[in-house]
Amino acid sequence: MVTFADLGIPFPLFEAPIATCPDYVGVQHCCVSRKSKDHCFRLDIGAWVKMNCQVCRGELFLTPTEDTTRAASCRHCGAATPPPLCHEKKAFVCYEALRAGLAGYTKDSDFGMISWEQMESGWTHGVPGLRLPGFDTRTTAEGWLQVRLAKETISEVTRTPKFVTWQGDRWLFQDVRPMIYIGEWKKRDFETRAPGGMRSDEFFSQVVRDYDPRLWQHVDRVKIYVFRDGLTGVYAAYYDME
């Protein structure tokens, strides 16, 4: 199946087929470059574009469309923010602008939400009740555990498109490294990819996080979202269902 790399627009963290990306739309008008581009992505809820305040030139991260939650004043100087790049309900960004960090996506992850605020601070939004010995962490007043990540790591995740899920996408990490999304697996995939001498159900139990032994017999009825660690080649996955 065709991937973004096949089209000449690779993403380091997304090797799954293009069909698994809900926001890829092909040719569209990019709201950032203001030009028609061959490879564009939809900017929906949680997406943002990076703009500069027209008064102080400070960096702003704003929804590109007219929206009731759109910030109306500059977070640096209080001046009115620039007008929306798109006055319609839909906005699109080209591959080049997305990869340049001029737009991005808010993502859920093993360590909580990741967006432009986390890219600036270096701390993830956090997860309640999480314990991660050996990681650089801090606890919020509400008891959420935040993890310190390299800003380049957070930026890479936000500059990667989302993938189709039933209940919402979540980016998996191996240690402090974001893993590479490679797509959905079914029972046959676990059977053909199981290391020599290992039963496919045993391989399944090693790959899927929050493993439930009852899941194997229903594996083709749920969604298994699989990632690979770019350093070690280790697989990890999570699942959801309707």
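Moving on, we get to the environment of G58. Relative to the helices and strands, G58 resides in the loop between strand 3 (47-52) and strand 4 (59-62). Remark: the alpha-carbon pair of G58 and C74, spanning 16 residues in sequence, is separated by 8.0 Å. Setting aside chain neighbours within four positions, we find G58 in contact with M51, N52, C53 and H76.

Strand pairing in a sheet relies on backbone hydrogen bonds, with the paired strands running either antiparallel or parallel. Pairing is antiparallel in the open sheet, where 3 strands are placed in the order 8-10-9. A single partner strand is all that each edge strand has here, and the edge strands are strand 8 (127-128) and strand 9 (137-139). Here 3 bridges tie strand 9 to strand 10 (residues 144-147), and the two strands are oriented antiparallel to one another. Bridge pairing in strand 10 places R138 opposite Q146.

Tallied over the entire structure, the rule returns 16 salt bridges. In this structure, K162 and D23 form a salt bridge, with 3.8 Å as the shortest nitrogen-oxygen distance. Of this pair, K162 sits in the loop between helix 3 (151-158) and strand 11 (170-171) while D23 sits in the segment before strand 1 (24-29), and the two are 139 residues apart along the sequence. A single burial state applies to K162 and to D23, both of which are buried. Here E120 ties to R75 by a salt bridge, and the two come within 2.7 Å at their closest N and O atoms. In this pair, E120 is assigned in helix 2 (residues 116-121) and R75 in the loop between strand 4 and strand 5 (91-94), connecting sequence segments 45 residues apart.

We now examine the environment of C74. Looking at the element boundaries, C74 is found in the loop between strand 4 and strand 5. When the C-alpha positions of C74 and F204 are compared, they lie 49 Å apart, and in sequence the two are 130 residues distant. Non-local contacts of C74, meaning those with residues more than four positions away in its chain, are made with C53, C56, L60, A79 and T81.

The subject of this paragraph is helix 3. A large share of helix 3 lies buried, amounting to 6 of its 8 residues. When helix 3 is considered as a whole, its buried residues turn out to be T153, I154, S155, E156, V157 and T158. Among the structural elements, strand 3, helix 1 (95-99), strand 6 (103-105), helix 2, strand 12 (173-174) and strand 13 (177-178) are those in contact with the buried residues of helix 3.

Procedures and definitions
- Residues numbered from 1 in each chain as written.
- Predicted model: local features only at pLDDT ≥ 70, side-chain atom pairs only at ≥ 80, totals over all residues.
- Heavy atoms only, no water.
- Helix = DSSP H or I, 4+ residues; strand = E, 2+ residues; numbered from the N terminus.
- Contact = heavy atoms within 4.5 Å.
- Pairing = 2+ DSSP bridges.
- Salt bridge = Lys/Arg side-chain N within 4 Å of Asp/Glu carboxyl O.
- Buried < 20%, exposed > 50% of the residue type's maximum accessible area, 1.4 Å probe, protein only.

Shape is all these values report; function is a separate question.
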